[in-house]
Amino acid sequence: MAQDVPVEAVPGLDFVGVGLRVGEGVQLLSGLTIALQGGGGLVAILGPSGCGKSTFLKVVAGILAHTEGKVAWRGVELGTDAEFDAGEVGYVPQFRSEE
């Protein structure tokens, strides 16, 4: 019989002091520190238009590279040569239809 592991004990996605600057030093993210525990759940990022939700998710997905701080998945820093299973993290962007 499988033993349940408490969610708190499963490493997940960790952002420590993450920042993102683009262009001529425009700061899009600053000092973002968050720990999302693993365990097979879903996470929703909510906020008003323009607050940085999509930018945050693009950093998680590796579409944009953070310029400050550290991002780690299950204790392994992203941006290294580490290999991850394709199904470990999903990203579903929202598109508006032009009707």
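Quick notes on the rules
- Residues numbered from 1 in each chain as written.
- Predicted model: local features only at pLDDT ≥ 70, side-chain atom pairs only at ≥ 80, totals over all residues.
- Heavy atoms only, no water.
- Helix = DSSP H or I, 4+ residues; strand = E, 2+ residues; numbered from the N terminus.
- Buried < 20%, exposed > 50% of the residue type's maximum accessible area, 1.4 Å probe, protein only.
- Phe/Tyr/Trp six-rings, centres within 6.5 Å; stacked < 30°, edge-to-face > 60°.
- Contact = heavy atoms within 4.5 Å.
- Polar contact = N/O pair within 3.5 Å; in protein donor to acceptor, adjacent residues only side chain to side chain.

Here Arg-74, not a glycine, exhibits a phi torsion of approximately 55°, which is positive. Note that Arg-74 resides in the loop between strand E3 (68–73) and strand E4 (76–77). Looking at Arg-74, the relative accessible area reads 45%, which means it is partly exposed.

To continue, consider the packing of aromatic side chains. Counted by the stated rule, this structure contains one aromatic pair. On the numbers, 4.9 Å between centres and 40° between planes, the contact of Phe-15 with Phe-56 is tilted. Of this pair, Phe-15 sits in strand E1 (residues 13–22) while Phe-56 sits in helix H1 (residues 53–61), and the two are 41 residues apart along the sequence. Neither residue differs from the other here; Phe-15 and Phe-56 are each classed as buried.

Position of Thr-67 relative to the elements: it lies in the loop between H1 and E3. For Thr-67, a relative accessible area of 46% puts it in the partly exposed group. For the pair formed by Thr-67 and Gln-27, sequence separation is 40 residues and the distance between their alpha carbons is 9.8 Å. Residues contacting Thr-67, with those up to four places away along its chain left out, are Gly-19, Leu-20 and Arg-21. A polar contact is formed between the side chain of Thr-67 and the backbone nitrogen of Arg-21, at a distance of 3.0 Å.

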